[in-house]
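Here is what each chain is made of, one letter per residue.
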Amino acid sequence: MLMQKLPLLISTQGLHWSTQRIFSVATQIIILLISVILMTNVIITLGERRLQEDWATQRYSELQSVGTLIADKVGFQQFRTQMFANSELLKRYLTIPSEVRQAKLQQNWNVMTSNIPELLDIALFDPQGKYKFSTTNDFSREPLPPALLGGARNMGGNEVYTSPLEFTPIAGKLEPYLYQLAWLENPDQTVRGYLVSYQSMARMLKSIKPAYSSAESPLLMLDTQGLIYAGAESRPTINRIPDTMGGSLRQTYPALWRKMSTSNFGQFHGDDATFVYLKIELTTQYETRREYYLVSYVRNDAIADNFSQWRNILIFGAVVLTLLALSLILLSHSYRIGQRSRAYSIQLANRLFHQDIGCIIVNDNNRVITANDQAAKLLAMPIDELSDRNLQRILQFEDDQYAAIMTQLETDKRWQQEVDFENLSGTSLRVTITGAPRTPKESKYLLVTFEDVTELKQIQHQSNLNRLLNDSSVACALVQANGDLELVNEAFMQLVSIHDIAGKNLTELLNNDLSSQWSRITQQIMLQGSWKGQILCDPNSNENTCLQATLKGHLDAAGDIEHIVCTLEQAQKRALLQDRGDFIPHRSTILVNLRDLDDYFKSLSDKSRDSSSLLLMDITAESMLSHMSDIGQLESRQKEVEIHILKSLPVGYQMSHWQLGKLIVILPDTSSDNAHHFAVKTLGSLNEIGLGAGICMGIASYQPRQNLEQYLSNAEIALKRAKQIGEQNICQAYTRQP
C-alpha cells in the first residue's frame, strides 16, 4: 500500500509480470497438474489393486474349501457306488435273474436317483461290458471301454473306477458328468458284471454352495487341456472366456492359460478381470488320478465400482490440494515481484548516485533537483552549485535547440547526443535525457546521465587519421590465415578491380600465382615471419606488369598465423627462371600435408623414383605427451628440428609433415646406404645442438609399382624396429631389391 501511494520515478518500479515470470508460473502450474494427476491415478490404481488382492486372497481360500468338498464328494460317491454294488437286491438279481427282481432293482434305483440330486443314473453291464438296463435313457448304451474289462484292467475287488468329466445332453442342455464303475465279482474273483453310477458335476457344485455360481462370484471348472466343464453359463461373461460348455480356454485366452499351466495355483491380472485359479484332484489313486482347475474371477469394473466412493474422495482431495497449491504459487510469485520491485527501487537510487556515470534529476521546471558526485566531477562544478540550476544553462544550448530536445522527449521519451564541454571541463560527454510521468497528472521529471566519451572521441580521431594515412597509392590488405580478405584500402580495390571484399580470397584474386603456393608461403611466414616475391608477371609481355608482393605475418601466442599484412607495389620484371624460383616450391621447403607430398612424389621422373629412399623420422623425446600440456612443447621442438634440418637439406630432397612429432623426407636418386649416411649425419648434427634425444628414424627403399601410402607403410615398419631395438635409433626395412 505504501508503494502505491508514493510516486514512481519510472514505470519499471511498479509490479510487472515479465514474460519469463509468466512462463515460470505456467510451467509450475503445468508440473503441479501433471504431478497431481499422476499421483491421484497411482493412488487410485494402487487402491483398486489392493482391493483386487484382498478379493483374490478371500476367493483363493474359498476355492480351497470348494476343492476339498468336491474331492470329499467324489470319495463319498465312490463309497456309495460300492454300496450299490453290494446291495442285496443286486446280488439276488445276479444270482437268479428274473424280470420281477429286475423291476424291484430298478425301482430301488429310481428312488435313490430321485432323492440324490447329483446322481443322474445307475446302469448294469454284463461280464462282456455290454449294456443290460438302467434307470434312465439319458446316457449312451455303448459297451464299456476294453481297458476296464477282464484281464486288461488294473483295478478290481472293492475299488471303484472314476472316469474323466464328459458331457451328455439332458433336457436339451449339456450336462457335465463323471461315471464311477464297480466290479461285481464272484468268490473266485471272476467278473459277474459291472455297476456304473453317473454323477452330475454341475449339481455337485450347486449342492456345495450355490453362491459360487452367481454373477458376483463365478466359478469355472476346467480340465488340464483347457476345456470348460462348469460355469460357462454364468452371466455377465467377460471377453475371451468361453460362454459354452466344452469351450477351450487355451484358444480363447492363451495368456491366462500359459500362467495356469505352469503352476498349481495363483492369480492373473487381465485387462478386463482378475482371475484366481487352483488345481484340484478328484481321486488320489494312481490309476484314476483326475486333475482339474477351479477358476474364479472378478471384473475390473466391479472392483472400480466398489472403489468409486474412495476414488471420489481422492479426486475431491486432489482438487482441493491443487487449488491450494495454485494459490500458494501465485501468492509466492506476487510476493517475490513485490520484493523485487522494492529492491529495484533501492538499487535504482543506489545506481543513480553511486556509479561512474553522472546522473541528475530535473523537475518539470527544468531545474536540477539532485545530482551525484560523478555528475559534478564531469561538469567541473561543485555539487552544491548544481542544485537548482537550469538544465539549459548546464548544457549551454540555445532556446531553439532546447525546444527541439523537449519536443523529441514528448514523442520519443528519450534524447541522446554528444556534447563538447571543452570550455567548461575539457571533456566530451554523451548526454542522455529520458522522461517519464512522475504522477498520473501532468507533472513529470527528467533523468539526465553523463558519460565521459573523451577517450572514445580521441580514438575515433586517431582512427580517422589512420584512415587518411592508409589512403595512399600503395595497395594494402589485411588477410586472414586462409587468405580471406578482412580489410583493404582503396588502392588495393582499384588494383584488383573489386568493389566489395565480402567473400573474397587473396589466392582467388591472384589465382595464377598464389593459389597453389599458399601452403608453402604460410609455412615460410610461420618460420621466417614474412615472404616476398613478384607476382602477375607476363613472360610474353614487354611491359613492366610485375608486382612486388610483401606478406608479413602476425602470430598469436600459440605460434599460429593470426593476420597477414599484404602490400602490392610495382616491381621490375625479372628473368623467367628467377621468377619461377619464387613460386615453384624449393625441395628444401616443408610440405604441409600428404596430398602435396603425393603430388611431388608423382612428379618425379621414373628413374629418380625407382632409385629413391624414404626417411620417416619420429622426434618425440622420451616421456613426452604424458600430459596434454606437453603438446605445445612437442610442437616447439618439432619447429626447431625442422629449421635445423632445412639449413643442411640437399636441394633434391623434400621434407613434409605427417603427424604431430613425425616428419617424412623423400630422397630421390639415393640408395639405402646413402640414405643411412644422411640419417646418421642428420642425427649427429641434432645431437650437437641438444635436439637428438629420443629421435628415431626408419628408412625404406622404393619397390616397383609402389604408391606413396605403401612406401610410407614400409618406412613405418623400419621406424617401429628402431624403437624396439633401443640401442640404435636408425633402422631399415625393404631396402634390398628382390
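Since the structure is predicted, the reported quantities are computational estimates derived from the model, not experimental observations.

(A) Quick peek at the packing of aromatic side chains. Summed over the entire model, instances satisfying the criterion amount to 22 aromatic pairs. Here Tyr177 and Tyr198 contribute two aromatic rings whose centre-to-centre distance is 5.9 Å and whose plane-to-plane angle is 55°, an arrangement assigned as tilted. With Tyr177 in strand β5 (residues 173-185) and Tyr198 in strand β6 (residues 191-200), this residue pair connects regions lying 21 residues apart in the sequence. Tyr198 carries the same exposure label as Tyr177, and that label is buried. Where Tyr229 meets Tyr292, the ring centres are 6.4 Å apart and the plane angle is 85°; that geometry is what we call edge-to-face. Of this pair, Tyr229 sits in strand β8 (residues 228-230) while Tyr292 sits in strand β11 (residues 290-299); the two residues are 63 residues apart in sequence, bridging distant segments of the chain. Taking relative accessible area as the criterion, Tyr229 reaches 8% and is therefore assigned buried. Among the aromatic residues, ring-to-ring pairing joins Phe139, Tyr161, Tyr177, Tyr179 and Tyr198 into one connected group. Cation over ring: Arg240 sits above Tyr253, and NZ or CZ is 4.2 Å from the ring centre. Just above the ring of Phe601 sits the side chain of Arg609; from NZ or CZ to the centre is 5.6 Å.

(B) Seen up close, unusual backbone geometry. The backbone phi angle of Ala380 is positive, close to 55°, even though this residue is not glycine. Inspection of the secondary structure assignment puts Ala380 in the loop between α10 (373-378) and α11 (383-386). Even without a glycine there, the phi angle at Lys413 is positive, about 60°. If you trace the backbone, Lys413 turns up in the loop between α13 (399-412) and β14 (414-421). Judged by relative accessible area, Lys413 falls into the partly exposed class, the value being 44%.

(C) Examining the sheet that holds β8 more closely. The strand order across the open sheet formed by five strands is β8-β7-β11-β10-β9, and the pairing between neighbours is antiparallel. Edge positions in the open sheet fall to β8 and β9 (265-269), since each of these has one partner strand only. The mean inter-strand angle of the sheet, taken between neighbouring strand axes irrespective of direction, is 30°. Two elements, strand β7 (residues 219-223) and β8, share two bridges in a ladder whose sense is antiparallel. Paired with Met221 across the strands is Ala230, a residue of β8.

(D) Representation of the environment of Ile329 within the structure. Mapped onto the secondary structure, Ile329 falls in helix α9 (residues 308-353). Given the relative accessible area of 13%, Ile329 is considered buried. Measuring from C-alpha to C-alpha, the distance between Ile329 and Leu32 comes to 9.8 Å, with 297 residues separating the pair along the chain. Discounting chain neighbours no more than four positions away, the residues touching Ile329 are Val25, Gln28 and Leu32.

(E) Geometry of the confidence of the model for the protein. Averaged over all residues, the pLDDT of the protein is 81; the fraction at 70 or higher stands at 84%. Across residues 1-7 the pLDDT falls below 50, and counting only partners more than four positions away or on other chains, this stretch makes seven contacts in the model. The model gives residues 625-629 a pLDDT under 50, and that stretch makes three contacts with residues more than four places away or in other chains.

(F) Spatial organisation of the packing of helix α3 (residues 88-95) against helix α4 (residues 99-115). It is the contact of α3 with α4, at a shortest axis distance of 9 Å, that shows an interaxial angle of 155°. As summarised for this structure, α3 and α4 are arranged roughly antiparallel, according to the angle between their axes. When you trace α3 past α4, the crossing you get is left-handed. Contacts between α3 and α4 involve Leu89, Leu90, Arg92 and Tyr93 from the former and Arg101, Gln102, Lys104, Leu105, Asn108 and Trp109 from the latter. Split into classes, the residues belonging to the contact of α3 with α4 amount to five nonpolar, two polar and three charged.

(G) Expanded view of the pattern of salt bridges. The final tally for this structure, using the stated rule, is 12 salt bridges. Of the charged contacts, one joins Glu118 and Arg80 as a salt bridge, the two residues approaching to 3.8 Å between their closest N and O atoms. Note that Glu118 is positioned in the loop between α4 and β1 (119-125) and Arg80 in helix α2 (residues 19-85), a separation of 38 residues in sequence. The class for Glu118 is buried, based on a relative accessible area of 6%. A salt bridge links Arg609 to Asp606; the shortest N-O distance between them is 3.0 Å. Residue Arg609 and its partner Asp606 are both found in helix α21 (residues 606-610); the two are separated by three residues, about one turn of the helix. Residue class for Asp606 comes out exposed when judged on its relative accessible area of 52%. Each of Lys73, Arg80 and Glu118 takes part in one network of salt bridges that share partners.

(H) A look at the sheet that holds strand β26 (residues 696-701). With respect to topology, six strands assemble into an open sheet ordered β22-β24-β25-β23-β26-β27, the strand pairing being mixed. Here the strands that pair on one side only, and so sit at the sheet edges, are β22 (590-591) and β27 (730-733). Pairing of β22 with strand β24 (residues 654-659), which is carried by two bridges, proceeds in the parallel orientation. For Ile590, the partnering residue across the bridge sits in β24 and is Met655. Along the sheet, helix α23 (residues 672-688) contacts β23 (613-618), β25 (662-667), β26 and β27; its crossing angle with β26, the most-contacted strand, is approximately 165°. With respect to the sheet, helix α24 (residues 708-725) is in contact with β23, β24, β25, β26 and β27, its orientation differing from that of β26 by roughly 140°.

(I) A look at the pairing of β9. Because side chains alternate across β9, one face comprises the buried residues Gly266 and Phe268, and the other comprises Phe265, Gln267 and His269, none of which is buried. With five bridges connecting them, β9 and strand β10 (residues 273-283) associate as antiparallel partners. Looking at the pairing, His269 lines up with Thr274 of β10. Linkage of β9 to β10, two consecutive antiparallel strands, is achieved through a turn of three residues.

(J) Structural detail: a nonpolar patch on the surface. Taken together, Phe316, Val320, Leu321 and Leu324 make up a surface patch of nonpolar side chains, about 430 Å² in accessible area. Residue position: Leu321 is located in helix α9. Its relative accessible area of 58% is what places Leu321 among the exposed residues.

Definitions and cut-offs
- Residues numbered from 1 in each chain as written.
- Predicted model: local features only at pLDDT ≥ 70, side-chain atom pairs only at ≥ 80, totals over all residues.
- Heavy atoms only, no water.
- Phe/Tyr/Trp six-rings, centres within 6.5 Å; stacked < 30°, edge-to-face > 60°.
- Helix = DSSP H or I, 4+ residues; strand = E, 2+ residues; numbered from the N terminus.
- Buried < 20%, exposed > 50% of the residue type's maximum accessible area, 1.4 Å probe, protein only.
- Lys NZ or Arg CZ within 6 Å of the ring centre and 35° of its normal.
- Pairing = 2+ DSSP bridges.
- Axes fitted to C-alpha atoms, helices over the stretch in contact; angles between N-to-C directions.
- Contact = heavy atoms within 4.5 Å.
- pLDDT = per-residue confidence, 0-100.
- Parallel < 35°, antiparallel > 145°, perpendicular 65-115°, else oblique.
- Left-handed = near helix turned anticlockwise from the far one by under 90°.
- Nonpolar A, V, L, I, M, F, W, Y, C, P; charged D, E, K, R; others polar.
- Salt bridge = Lys/Arg side-chain N within 4 Å of Asp/Glu carboxyl O.
- Patch = residues over 30% accessible without salt bridge, like charges linked within 9 Å, V, L, I, M, F, W, Y side chains within 5 Å.
- Areas by Shrake-Rupley, 256 points an atom, 1.4 Å probe, with all protein chains shown as cover.

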